[in-house]
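Overview (structure and organization)
If you want the building blocks of each chain, they are given just below.
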Amino acid sequence: MTPTITAFERSPDGGKGLARDTRVRWALEEVGQPYAVRLVSFQAMKQPAHLALHPFGQIPTYQESDLALFETGSIVLHIAGRHAGLLPNEANARARAISWMFAAVNTVEPPILELATARVLESDKPWTKERLPLVMDRVRDRLKQLAARLGDADWLDGAFSAGDLMMVSVLLRLRMSGILNEFPNLSAYVARGEARPAYKRAFEAQLAVNTGKQPTG
Ligand code: GTB
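Residues numbered from 1 in each chain as written. Predicted model: local features only at pLDDT ≥ 70, side-chain atom pairs only at ≥ 80, totals over all residues. Heavy atoms only, no water.

1. Considering the sheet that holds strand S2 (residues 36–40)
- If you walk across this open sheet you meet the 4 strands as S2-S1-S3-S4, and the pairing is mixed. Edge positions in the sheet fall to S2 and strand S4 (67–70), since each of these pairs with one other strand and no more. Recorded for the sheet is a direction-independent mean angle of 25° between the axes of neighbouring strands.
- Judged from the 5 bridges that link them, strand S1 (residues 4–8) and S2 form a sheet pairing that is parallel. Residue pairing for S2: Phe-8 is matched across the bridge by Val-40.
- Sheet strands in contact with helix H1 (residues 21–31) are S1, S2 and strand S3 (61–64), and its direction is about 145° off that of S1. (Pairing = 2+ DSSP bridges. Helix = DSSP H or I, 4+ residues; strand = E, 2+ residues; numbered from the N terminus. Axes fitted to C-alpha atoms, helices over the stretch in contact; angles between N-to-C directions. Contact = heavy atoms within 4.5 Å.)

Below is the structure:
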C-alpha cells in the first residue's frame, strides 16, 4: 500500500526544505517507495483528527494500511527496516547506523534547535544578545566532535545510511547561520547528501508544494 505522509500546506521556510517532511520524503526516495502527501494547515494540525495521528499536533506523520507513525526518527527507521538501501545487512553495522540516527536527533539536533529558537523566536528579548554567543558555542562544540569523527570519510560509518540521512538533514538547518562553513569536512558532507538524486527529488517535491512549481526531475 502506498504510504501517505503529512506536510505543511505552506512551510514557514517557503520551500527551503527545512521542514521535517523533507527527511521522510528523502528516505522514501532513497528506497524507491512512491508516496502520497496530505497537506495540512497549522489550524488543522491542532484539530482532533490530526491529533489522533500526532499527539503533539505536528507534521510529518506517516500512514500505511492500519499503521500510523509520528516522529521523523521512527518514521525513517521504519522505512529503512522495510526496504533495502538505508541500513546495512550486517547486524553490528546496522546497529551502529541506528546509533547515528539517534545521535542526529538526540545529540546534534537539540543545540541546533536552541540556536534557531534564539535567533527566530527570542530575537527581540533583551538577553538574546548576551545569550546567543553561548548557544552558538554549544553548537560549535558538537560540530567539532562530529567533524573529528567524520574526518575525511564520505559518510559516518562506511556506506551512506539512514544515519547519514538524519545527520545531514539536521545539519542543513545550520546553513543560514554560516557556522557550518567553519567545518569544511562537515560542509562537504552536507553537500554530498544534497547531491544525492533521492535528496534532490525530495527537495524538489517539497519546493513544488511551497512555490507551486512542478518538480523538474
Ligand atoms: N521531533 C519531531 C520530529 O522529528 O518529527 C518534531 C516535529 C516538528 O517539529 N514538526 C514541526 C511542526 O509541525 C515542523 S518541522 N511544527 C508546527 C507546530 O509545532 O505547531 C520544524 C520546522 C518548522 C519550520 C521550519 N522553517 O520554517 O525553517 C523548519 C523546521
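So that's the structure; there's more coming.
2. Notes on the packing of aromatic side chains
- Overall, the coordinates contain 7 aromatic pairs when judged by the stated rule.
- Between Trp-26 and Tyr-199 the ring centres are 4.9 Å apart and the planes differ by 75°, which places this aromatic pair in the edge-to-face class. With Trp-26 in helix H1 and Tyr-199 in helix H9 (residues 197–211), the pair connects residues that are 173 residues apart, well separated along the chain. Comparing Trp-26 with Tyr-199 shows no difference in burial state: the two are buried.
- Among the aromatic side chains, those forming a connected cluster through ring pairs are Trp-26, Trp-155, Phe-160, Tyr-189, Tyr-199 and Phe-203.
- Here the guanidinium or amino end of Arg-192 rests over the ring plane of Trp-155, the centre of that ring lying 5.8 Å away.
- The cationic tip of Arg-196 hangs over the ring face of Phe-160; the distance from NZ or CZ to the ring centre is 3.6 Å. (Phe/Tyr/Trp six-rings, centres within 6.5 Å; stacked < 30°, edge-to-face > 60°. Buried < 20%, exposed > 50% of the residue type's maximum accessible area, 1.4 Å probe, protein only. Lys NZ or Arg CZ within 6 Å of the ring centre and 35° of its normal.)

3. Focus: the site of the ligand
- What surrounds the ligand is a group of 14 residues, the closest being Arg-20, Lys-46, Ile-59, Glu-71 and Thr-72.
- At 2.8 Å, a side-chain N or O of Arg-20 approaches an oxygen atom of the ligand.
- Protein chains bury 79% of the 680 Å² of accessible surface belonging to the ligand in isolation.
- Its residues assigned to classes, the shell around the ligand comprises 7 nonpolar, 2 polar and 5 charged. (Near = heavy atom within 4 Å. Polar contact = N/O pair within 3.5 Å; in protein donor to acceptor, adjacent residues only side chain to side chain. Areas by Shrake-Rupley, 256 points an atom, 1.4 Å probe, with all protein chains shown as cover. Nonpolar A, V, L, I, M, F, W, Y, C, P; charged D, E, K, R; others polar.)

4. Notes on the packing of H1 against H9
- Direction vectors running N to C along H1 and H9 enclose 135°, while the axes themselves pass 8 Å from each other. It follows that H1 is oblique to H9 by the angle criterion. The way H1 lies across H9 gives a crossing that is right-handed. Facing H1, whose interface residues are Asp-21, Thr-22, Arg-25, Trp-26, Glu-29 and Glu-30, H9 presents Ala-198, Tyr-199, Arg-201, Ala-202, Ala-205, Gln-206 and Val-209.
- A per-class count over the contact of H1 with H9 returns 6 nonpolar, 2 polar and 5 charged. (Parallel < 35°, antiparallel > 145°, perpendicular 65-115°, else oblique. Left-handed = near helix turned anticlockwise from the far one by under 90°.)

5. Observations concerning helix H5 (residues 91–121)
- For H5, spanning 31 residues, the distance from its first C-alpha to its last is 42 Å, which sits close to the expected 45 Å at 1.5 Å a residue.
- The sharpest bend along H5 reaches about 55° and sits at Glu-109, with the proline Pro-110 one to four residues further on. (Expected span 1.5 Å × (residues − 1). Bend = angle between axes of the 7 residues up to and from the residue.)

6. Observations regarding unusual backbone geometry
- A cis geometry characterises the amide bond from Ile-59 onward to Pro-60, with omega recorded as 0°.
- By the element assignment, Pro-60 lies in the loop between helix H3 (48–51) and S3.
- Unlike most non-glycine residues, Ser-65 shows phi in positive territory, near 50°.
- By the element assignment, Ser-65 lies in the loop between S3 and S4.
- Positive phi, normally seen in glycine, also occurs at Glu-71, with a value near 75°.

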